[in-house]
Amino acid sequence: MGNLFDVTGKNVVVTGGTRGIGSMIAKGFAEAGAKVIISSRKPDACAAAAAELSAFGDVVAHPADLGTGDGVADLATFVAGEFDKVDVLVNNAGATWGAPIDEFPASGFDKIMNVNVKSVFLLTQRLLPQLRAAASVEDPARVINVGSIDGIGVSGTENFSYGASKAAVHMLTRKLAATLASEHITVNAIAPGPFPTKMMAFVLDNPDARAAVEGGVPLGRVGSPDDIAGTAIFLSSRAGAYLTGTVIPVDGGISGTR
């Protein structure tokens, strides 16, 4: 059983890994003995996060704007220089945009779709040589896309492009899984519910609003770093080697009980 969830020595790439869900996942992998590359758009954030996470394991950072093709290519080149193979790619980088329907701008769709959906496909595509180098029948290479329960159900907020983008991530996950299964590369998605991230801070920092959020979660609390890191490690270990094309809600029961 000790080997069932072992990811020691695996090469892991986590986009959007300097804060929030990405940082939680990167820290979990580092603590579990993996070698981790994180990225985000801002160089200062990358430097600070790498310094913080290095206390838990082997972590390096590289800044890249994944909303652009050049940024995707730059990160892929950096990864190829660091890792001859990529055991796990976590496509977590994302953005959101909220505005009333009458005021929602076209740019609010262009930016969100580019970062949340297009970059997932393009980075996976660019890192296929490294993923193929890691893949085997017994231990497939893994791609984990971070979706959202906003891509499963309607949250009631005015984040039209965000919800649409995460639903697209879930379908893209299935399409990639069907395409890459024969090459022993699994592709799954995690759909988080409420977690203590910067995106949720405006709600969770308000005691009354936090209580309302927690009251809407069947398990009665927001997610913890261990909840999301544990799911990613499960998908990346021997325990998750026979799963592909799945979307796993990590949401305290919200999507499963509505």
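Since we're looking at a predicted model, the values are computed, not measured.

Visitor: Before we move on, could you go through the overall build of the protein chain and cite the residues and values that matter?
Guide: When you go through the protein chain residue by residue, the secondary structure sums to ten helices and seven strands. Taking 258 residues into account, the globule formula puts the C-alpha radius of gyration at 18 Å, and the protein chain, at 17 Å, falls close to it. In the protein chain, which comprises 258 residues, the share counted as buried stands at 47%. Accessible area for the protein chain stands at about 11,800 Å²; split by element, carbon and sulfur atoms hold 55% of it. Side chains of the protein chain give 20 positive and 25 negative charges; the mean places of these two sets differ by 4 Å.

Visitor: Please give an account of helix α6 (residues 160–180) that cites residues and values.
Guide: Taking 1.5 Å per residue, 21 residues should reach 30 Å; α6 reaches 30 Å between its end C-alpha atoms and fits that length. Those residues of α6 not exposed but buried are S161, Y162, G163, S165, K166, V169, H170, L172, T173, L176, A177 and L180. For α6, the secondary structure elements touched by its buried residues are α4 (107–126), α5 (128–134), β5 (141–146), β6 (185–192) and β7 (247–250).

Visitor: Give a detailed account of the sheet that holds strand β3 (residues 58–63), specifying residues and quantitative values.
Guide: A sheet is described by the order of its strands in space; here seven strands give the open sequence β3-β2-β1-β4-β5-β6-β7, paired in parallel fashion. In this open sheet, the two edge strands, each paired with only one partner strand, are β3 and β7. The mean inter-strand angle of the sheet, taken between neighbouring strand axes irrespective of direction, is 20°. Relative to the sheet, α4 contacts β1 (11–15), β4 (88–91) and β5, its axis offset from that of β4 by approximately 165°. Here α6 sits on the sheet and contacts β5, β6 and β7; the angle it forms with β6, its principal contact strand, is near 165°.

Visitor: Outline the packing of aromatic side chains, listing residues and values.
Guide: Inspection of every chain in the model, using the stated rule, returns two aromatic pairs. Where F104 meets F160, the ring centres are 5.5 Å apart and the plane angle is 85°; that geometry is what we call edge-to-face. In this pair, F104 is assigned in the loop between β4 and α4 and F160 in helix α6, connecting sequence segments 56 residues apart. Connected via pairs of aromatic rings, a cluster forms that spans F104, F109 and F160. If you follow K27 out to its NZ or CZ, it ends over the ring of F56, 4.5 Å from the centre.

Visitor: Lay out helix α9 (residues 225–236) with the relevant residues and their values.
Guide: Between the first and last C-alpha of α9 there are 17 Å, a value that for twelve residues agrees with the 16 Å anticipated at 1.5 Å per step. Those residues of α9 that sit buried are I228, A229, T231, A232, I233, L235 and S236.

Visitor: Go over a positive patch on the surface with me, naming the residues and quoting the values.
Guide: Together, R19, R41, K42, K111 and K198 line one region of the surface with positive charge. Of note, K198 is situated in the loop between β6 and α7 (201–204).

Visitor: Before we move on, can you summarise unusual backbone geometry with the specific residues and values?
Guide: Leaving glycine out, the prevailing phi sign among residues is negative, and the prevailing peptide bond configuration is trans. Residue H184 is not a glycine yet carries a positive backbone phi of 60°. Within the element layout of this structure, H184 appears in the loop between α6 and β6.

Visitor: Quick rundown of the pattern of salt bridges? Include the residues and the values.
Guide: If you walk through the whole model with that rule in mind, you get seven salt bridges. Note that E214 and R210 form a salt bridge whose closest N and O atoms lie 3.1 Å from each other. Placement of both E214 and R210 in helix α8 (residues 207–215) is noted, with a separation of four residues, approximately one turn of the helix. Between R221 and D227 there is a salt bridge, with its nearest N and O atoms 2.8 Å apart. Taking relative accessible area as the criterion, R221 reaches 42% and is therefore assigned partly exposed. Assessed through its relative accessible area of 26%, D227 is described here as partly exposed. What emerges from the salt-bridge pattern is a single network uniting K10, D139 and R142.

What counts and what doesn't
Residues numbered from 1 in each chain as written. Predicted model: local features only at pLDDT ≥ 70, side-chain atom pairs only at ≥ 80, totals over all residues. Heavy atoms only, no water. Helix = DSSP H or I, 4+ residues; strand = E, 2+ residues; numbered from the N terminus. Rg over C-alpha atoms; globule rule 2.2 N^0.38 Å. Buried < 20%, exposed > 50% of the residue type's maximum accessible area, 1.4 Å probe, protein only. Areas by Shrake-Rupley, 256 points an atom, 1.4 Å probe, with all protein chains shown as cover. Lys, Arg positive; Asp, Glu negative; His and termini not counted. Charge placed at Lys NZ, Arg CZ, Asp CG, Glu CD. Expected span 1.5 Å × (residues − 1). Contact = heavy atoms within 4.5 Å. Pairing = 2+ DSSP bridges. Axes fitted to C-alpha atoms, helices over the stretch in contact; angles between N-to-C directions. Phe/Tyr/Trp six-rings, centres within 6.5 Å; stacked < 30°, edge-to-face > 60°. Lys NZ or Arg CZ within 6 Å of the ring centre and 35° of its normal. Patch = residues over 30% accessible without salt bridge, like charges linked within 9 Å, V, L, I, M, F, W, Y side chains within 5 Å. Salt bridge = Lys/Arg side-chain N within 4 Å of Asp/Glu carboxyl O.

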